[in-house]
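Chain and residue survey
What follows is the residue order along each chain.
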Amino acid sequence: MMDKKLSMIVQQAKATPVSSSSGTQSTEIIQFTQSASSKSFDSTVSALKHSVSSNGMMILGNLNQVGALKTTGLQLKGAESFFVGNPVVGKNMFQMDPAVGTELPMRVYVWVDNNGKTHVGYYQPSALLGTINSELGVKGAMMDKKLSMIVKQATS
C-alpha cells in the first residue's frame, strides 16, 4: 500500500506521440511523482543523499537552482536538482541505446513551495526511457520502484 505522503500526480495527462532512436513512434503518458517531506529543505536534501547512497546509487551531479536564479533577482527558499544513477547500470543501458543519455542520469528535484513546505519530485523513468525504446522502458520500471523507495525514505 502506498504511503499517504507519496502522491502520484499526472502533470501531462494527454498522451504525446514520441519518436524513438529506431524511428518508431509510441505514445507515452509521462508521470510526475512528488512527495511532500516531513522535514526542512536542508534535512530533506541530506536524507535524499543518504537514501540514494544506501540504495546502491550515486549523486552524479547537482544544480543549485536557488543560486542560479538568484542572479535574476528571484528569491527561492529551496530548489536543487540532483542527477542520480548507478554507473554500472547506466553502462548496460548506454550499450543498449546511447540515446538513453537524454534521460540518464535521472533527475530528482527538491524544492520549497510557496507555503514553505519541502517536496521531492521526479518523472517516472519507465515512461521516459520507454520513449527511447521498449527494452529501456522495462528497465525503467525497476528504476521506478527504486526511486519511489528512495523518495519515501528521504521524505518521511
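The paragraphs below set out a description of the structure included in this document. (Residues numbered from 1 in each chain as written. Predicted model: local features only at pLDDT ≥ 70, side-chain atom pairs only at ≥ 80, totals over all residues. Heavy atoms only, no water.)

1. Some words on the overall build of the protein
Where we set the bar: Helix and strand definitions follow DSSP, with helices as H or I runs of at least four residues and strands as E runs of at least two, each counted in order from the N terminus. We call a residue buried when its accessible area falls under 20% of the maximum for its residue type, exposed when it is over 50%, and partly exposed in between, using a 1.4 Å probe and counting protein chains only. Any two residues having at least one pair of non-hydrogen atoms within 4.5 Å are treated as being in contact. Per-residue and other accessible areas follow the Shrake-Rupley method at a 1.4 Å probe size, with only the shown protein chains counted as cover for residues.
When helices and strands are counted, the protein shows 5 helices and 8 strands. Along the protein, from the amino end to the carboxyl end, the secondary structure elements read β-β-β-β-α-β-α-β-α-β-β-α-α. Taken over 156 residues, the protein has a buried fraction of 39%. Counting only contacts in the protein whose residues sit at least 6 apart along the sequence, the fraction spanning at least 24 positions is 64%. For the protein, the computed accessible surface area is about 8,600 Å², with 56% contributed by carbon and sulfur atoms.

2. Some details on the environment of Val52
Secondary-structure assignment places Val52 in helix H1 (residues 41–54). Between the alpha carbons of Val52 and Ala154 there is a distance of 8.7 Å; along the sequence they are 102 residues apart. Discounting residues that sit within four places of it in the chain, Val52 has contacts with Met57, Met58, Ile59, Val84 and Ile150.

3. A short note on unusual backbone geometry
In this chain, Leu104 is followed by Pro105 through a cis amide linkage whose omega measures 0°. Position of Pro105 relative to the elements: it lies in the loop between helix H3 (87–96) and strand S7 (106–112).

4. Observations concerning the pairing of strand S6 (residues 79–85)
Put simply, the rule reads: Criterion used throughout: strands pair if DSSP finds at least two bridges between them.
Of all 7 residues in S6, 6 are buried, a share of seventy percent or more. Pairing between strand S5 (residues 58–64) and S6: 6 bridges, direction antiparallel. In the sheet register, Gly61 faces S6, and the bridge partner there is Phe83. By the bridge criterion, 6 bridges tie S6 to S7 in an arrangement that is antiparallel. Within the sheet, the bridge partner assigned to Phe82 lies in S7 and is Val108.

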